[in-house]
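Architecture at a glance
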Amino acid sequence: MQQSTLHLFLGAFLALATAMTVSLATAATKYTAEFVTVEQIVFIQYLFCSIVMLPFLLRRGTQTFRTDHPWLHLIRGAAGWLCFYTYYLALERIPLVDASLLRNTAPVCVPVIFLIWKGIRLPLLRWLPVIMGFIGIAVVLKPQGSLISFWHLIGLLSGITLAGSIVTTRTLALTEPTSRIMFYYFAFSALCSLPLAITNWQPMPLFTIPLMAGIGISIWLTMWFYTRAYSYAKATVISPISYSGVLFTGLLGWLFWGQLPAASALVGAMLIVSGGIWSVYLGREKQPVDSSEPDSATIPTPG
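Residues numbered from 1 in each chain as written. Predicted model: local features only at pLDDT ≥ 70, side-chain atom pairs only at ≥ 80, totals over all residues. Heavy atoms only, no water.

Attention now goes to the packing of aromatic side chains. In the structure shown here, the tally under the stated rule is 14 aromatic pairs. Considering the side-chain rings of phenylalanine 35 and phenylalanine 207, the 5.0 Å spacing of their centres and the 80° angle between planes classify their relative orientation as edge-to-face. Here phenylalanine 35 is found in the loop between helix H1 (3–32) and helix H2 (38–58), whereas its partner phenylalanine 207 is found in the loop between helix H8 (178–199) and helix H9 (208–232), with 172 residues between them in sequence. Here phenylalanine 35 falls in the partly exposed class, since its relative accessible area comes to 28%. Site record: aromatic cluster; members linked through ring pairs are Tyr46, Phe84, Tyr87, Tyr88, Tyr185, Phe186 and Trp220. (Phe/Tyr/Trp six-rings, centres within 6.5 Å; stacked < 30°, edge-to-face > 60°. Helix = DSSP H or I, 4+ residues; strand = E, 2+ residues; numbered from the N terminus. Buried < 20%, exposed > 50% of the residue type's maximum accessible area, 1.4 Å probe, protein only.)

What follows is the structure, given as structure tokens:
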């Protein structure tokens, strides 16, 4: 087997592993949230990741923590925290597949973030998949064909904040090492989640402790799988496979909670996924050399 072919298979396998890890963590979070608060889960997962990562950075010396962009790290951490917090809140009240689908709207939201933040304009053709994705979002937000569901809006907020996280990560990655970006992400997210965790703290049953540890580990695994996947294969290969997470999450929702996706969710899913993949395809040729190009598909960040 040629090396290029082997790398393609490895990239596809790691992308699939990413999707499965996220889906299992989603199901574990929904189950755990029946016994402890979402605020506790979010805080503990970020605290766990920060503590695990700290010794590796300390070995490299204090210069590892020096940055010229503290505010950008803070914004990235806050966006990542809001992404997971709103996602977990939505999981409690809407079907798993709907929450997962709305979180995966991030790729179609990224051009809008760039337009608002930096005034970057794209050619009309690049906006067509974005429009398709937002039509799909509108369909999912009205699952019963009536009023917009509030908790579906909360799920959509997880996709919007994930897009914000993607944009800030893209900017930071131009000058900052990955280890520093990840540590400040975990640390600032833990700080953001601490006040709500204290306010909503409640006794934790012993059996939930390994579950929450597993959720924290899943973030590490997702980061590693996703980053390695992009080192082996292009975004045009990875991005379509990443959407399989919606399918895995839907299957888990059906198996454990008897949740069957509504027809509106299926139609919305086709539009959102098609828009996301189309957006990646249109941007496949140009690799940005600065932060002014919204190339969201090549950003290895799950949150």
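Once that is clear, we can look at a nonpolar patch on the surface. Together, Leu247, Leu251, Trp254, Leu255, Phe256 and Leu260 line one region of the surface with nonpolar side chains, adding up to about 690 Å² of accessible area. Within the secondary structure, leucine 260 is located in the loop between helix H11 (244–257) and helix H12 (263–282). Given a relative accessible area of 62%, leucine 260 falls into the exposed group. (Patch = residues over 30% accessible without salt bridge, like charges linked within 9 Å, V, L, I, M, F, W, Y side chains within 5 Å. Areas by Shrake-Rupley, 256 points an atom, 1.4 Å probe, with all protein chains shown as cover. Salt bridge = Lys/Arg side-chain N within 4 Å of Asp/Glu carboxyl O.)

The method is simple in principle: a probe with the dimensions of a water molecule rolls over the atoms, and the space it marks as empty is what remains. Under the criterion given, the structure shown has two cavities of 30 Å³ or more. One number sums up the size of the second largest cavity: a volume of about 110 Å³. Lining the second largest cavity are 13 residues, and of these Val22, Ala25, Phe84, Ser218 and Ile219 lie nearest its centre. At the level of elements, H1, helix H3 (70–93) and H9 are the ones that each hand at least two residues to the lining of the second largest cavity. When its residues are assigned to classes, the lining of the second largest cavity shows eight nonpolar, four polar and one charged. (1 Å grid on protein atoms, 1.4 Å probe; cavity = no way out; pocket = protein on both sides within 12 Å on 5 of 7 lines; lining within 4 Å. Points joined across faces, edges and corners; volume = space filled by probe spheres on them. Nonpolar A, V, L, I, M, F, W, Y, C, P; charged D, E, K, R; others polar.)

Right, let's talk about the nonpolar core for a bit. Formed by 59 residues in total, the largest nonpolar core has its most connected members in Val38, Ile41, Val42, Tyr46, Tyr88, Phe183 and Phe186. Residues in contact with isoleucine 41, not counting those within four places in the same chain, are Thr29, Thr32, Ala33, Val36, Tyr88, Met212 and Ile215. Of all hydrophobic cores here, the second largest spans eight residues; its members include Phe225, Tyr226, Ala229 and Ile238. (Core = buried A, V, L, I, M, F, W, Y, C linked by side-chain atoms within 4.5 Å. Contact = heavy atoms within 4.5 Å.)

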